Amino acid sequence: MFLQVNGLCSGYGRGTVLHGVDLEVDRGEVLGLLGRNGAGKSTLVMTMLGLVPARQGSVRLDGREIVGLRADQVSRHGIAVVPQGRRIWPGLTVGEHVDVVAGRRPKAGGWSRDGVFDLFPNLARRVRQPAGLLSGGEQQMLAIARALLTDPALVLMDEPSEGLAPAVTRQIGEVIGSMAATGVGILLVEQDLRLVFATANRVAVMEKGEVAHTTDTGTFRRQPELAHTLLGVG
Ligand SMILES: Nc1ncnc2c1ncn2[C@@H]1O[C@H](COP(=O)(O)OP(=O)(O)OP(=O)(O)O)[C@@H](O)[C@H]1O
């Protein structure tokens, strides 16, 4: 597998949140990561990014260990994040957001300014607008564009549907599908089961800082009692 997480432990202060997480994501695969509030999903994302230090375990990307690397080094290894809450800068324009990332890297091939504007024509039309004036869906697209411009091999998405209308969430789902079709692996942390069912090849459920259950999406859908027991929904 392209991404291999084994026995990953981390936490804050004296508390432990991740108690040995195991999961895998292949190239071009979308793994939907579900779990109740507080299960540790965001902490997993932050630990993989090097923003919360790992205390034990390993994260290998294409066989290379990335535990212990700084966040900027993790990014250079090809992991990008679409963070919870999007984290755009409201006062910067759409164009400035794109240029900050696109201008940083001279490169041949890969994602370019034009490429992301082709993918998101709504953003292309608003290139001079401050990002704070965009709709929630457009801000999410901008966060995805910013991630793509680093030419990632793996994208960690933390609740991209949060606060979005169903139609916009469907659009985000289409973008996730397009990204995966280019070979990018995607770890999709998400509470919206419809988005997970529409995009994920497999589903992993976190419980109390561990992955309690992993299965292919079709099997998960056919067992609504699983969602009920593990997530308290359905
Ligand atoms: N910066 C922090 N400092 C201390 N504890 C934290 C911090 N961030 C998260 N926690 C704690 O870690 C645990 C896991 O939180 P985390 O945000 O990773 O869960 P989650 O599964 O992403 O939940 P949600 O679905 O609500 O986002 C919770 O008990 C939370 O209170």
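Structure's up top.
Residues numbered from 1 in each chain as written. Predicted model: local features only at pLDDT ≥ 70, side-chain atom pairs only at ≥ 80, totals over all residues. Heavy atoms only, no water.

Attention shifts here to the nonpolar core. With 45 residues, the main nonpolar core has L123, I144, M157, I176, I186 and F220 as its most contacted residues. Counting residues per element, this core draws most heavily on helix α6 (residues 136-148), at 7 residues. Every residue in contact with M157, bar those within four places of it in the chain, is listed here: V82, I144, I176, M179, I186, L187, L188 and V189. Counting 27 residues, the second largest nonpolar core, distinct from the first, contains L3, V5, V25 and V211. (Core = buried A, V, L, I, M, F, W, Y, C linked by side-chain atoms within 4.5 Å. Buried < 20%, exposed > 50% of the residue type's maximum accessible area, 1.4 Å probe, protein only. Helix = DSSP H or I, 4+ residues; strand = E, 2+ residues; numbered from the N terminus. Contact = heavy atoms within 4.5 Å.)

Before going further, it helps to examine unusual backbone geometry. Even without being glycine, E159 reaches a positive phi, approximately 55 degrees. Its location among the elements puts E159 in the loop between β7 (154-158) and α7 (166-181). The exposure class of E159 is buried, given its relative accessible area of 10%. One non-glycine residue with positive phi stands out, namely K208, at about 45 degrees. Examined against the element boundaries, K208 turns out to sit in the loop between β9 (202-207) and β10 (210-216). K208 sits in the exposed class, given a relative accessible area of 73%.

The subject of this paragraph is the packing of aromatic side chains. A complete count under the given rule lists 1 aromatic pair for this structure. The ring of W89 is capped by R146, whose NZ or CZ atom sits 5.4 Å from the centre of that ring. (Phe/Tyr/Trp six-rings, centres within 6.5 Å; stacked < 30°, edge-to-face > 60°. Lys NZ or Arg CZ within 6 Å of the ring centre and 35° of its normal.)

Before going further, it helps to examine the site of the ligand. Around the ligand, the neighbouring residues are Y12, V17, R36, N37, G38, A39, G40, K41, S42, T43, E159 and Q191. Here a nitrogen atom of the ligand sits 3.4 Å away from a polar atom, N or O, in the side chain of Y12. Contact between the ligand and S42: an oxygen atom at 2.8 Å from a main-chain N or O atom of the residue. A total of 630 Å² of accessible area belongs to the ligand in isolation, and the protein chains cover 56% of it. Grouping the constituent residues of the shell around the ligand by class yields 3 nonpolar, 6 polar and 3 charged. (Near = heavy atom within 4 Å. Polar contact = N/O pair within 3.5 Å; in protein donor to acceptor, adjacent residues only side chain to side chain. Areas by Shrake-Rupley, 256 points an atom, 1.4 Å probe, with all protein chains shown as cover. Nonpolar A, V, L, I, M, F, W, Y, C, P; charged D, E, K, R; others polar.)

Okay, the pairing of strand β8 (residues 185-189) next. Counted residue by residue, β8 has 5 buried out of 5 residues, so it is predominantly covered. Side chains G185, L187 and V189 of β8 all project onto a buried face; the interleaved residues I186 and L188 project onto the opposite face, where all are buried too. As defined by bridge partners, strand β3 (residues 30-35) adjoins β8 across 4 bridges and the pair is classed as parallel. Of the residues in β8, the one forming a bridge with L33 is V189. Summarising the sheet, β7 and β8 pair through 5 bridges and their orientation is parallel. Its bridge partner being in β8, D158 is matched across the sheet by V189. Viewed along the sheet, the connection from β7 through α7 into β8 turns out right-handed. (Pairing = 2+ DSSP bridges. Right-handed = clockwise from strand over helix to strand, strands pointing away.)

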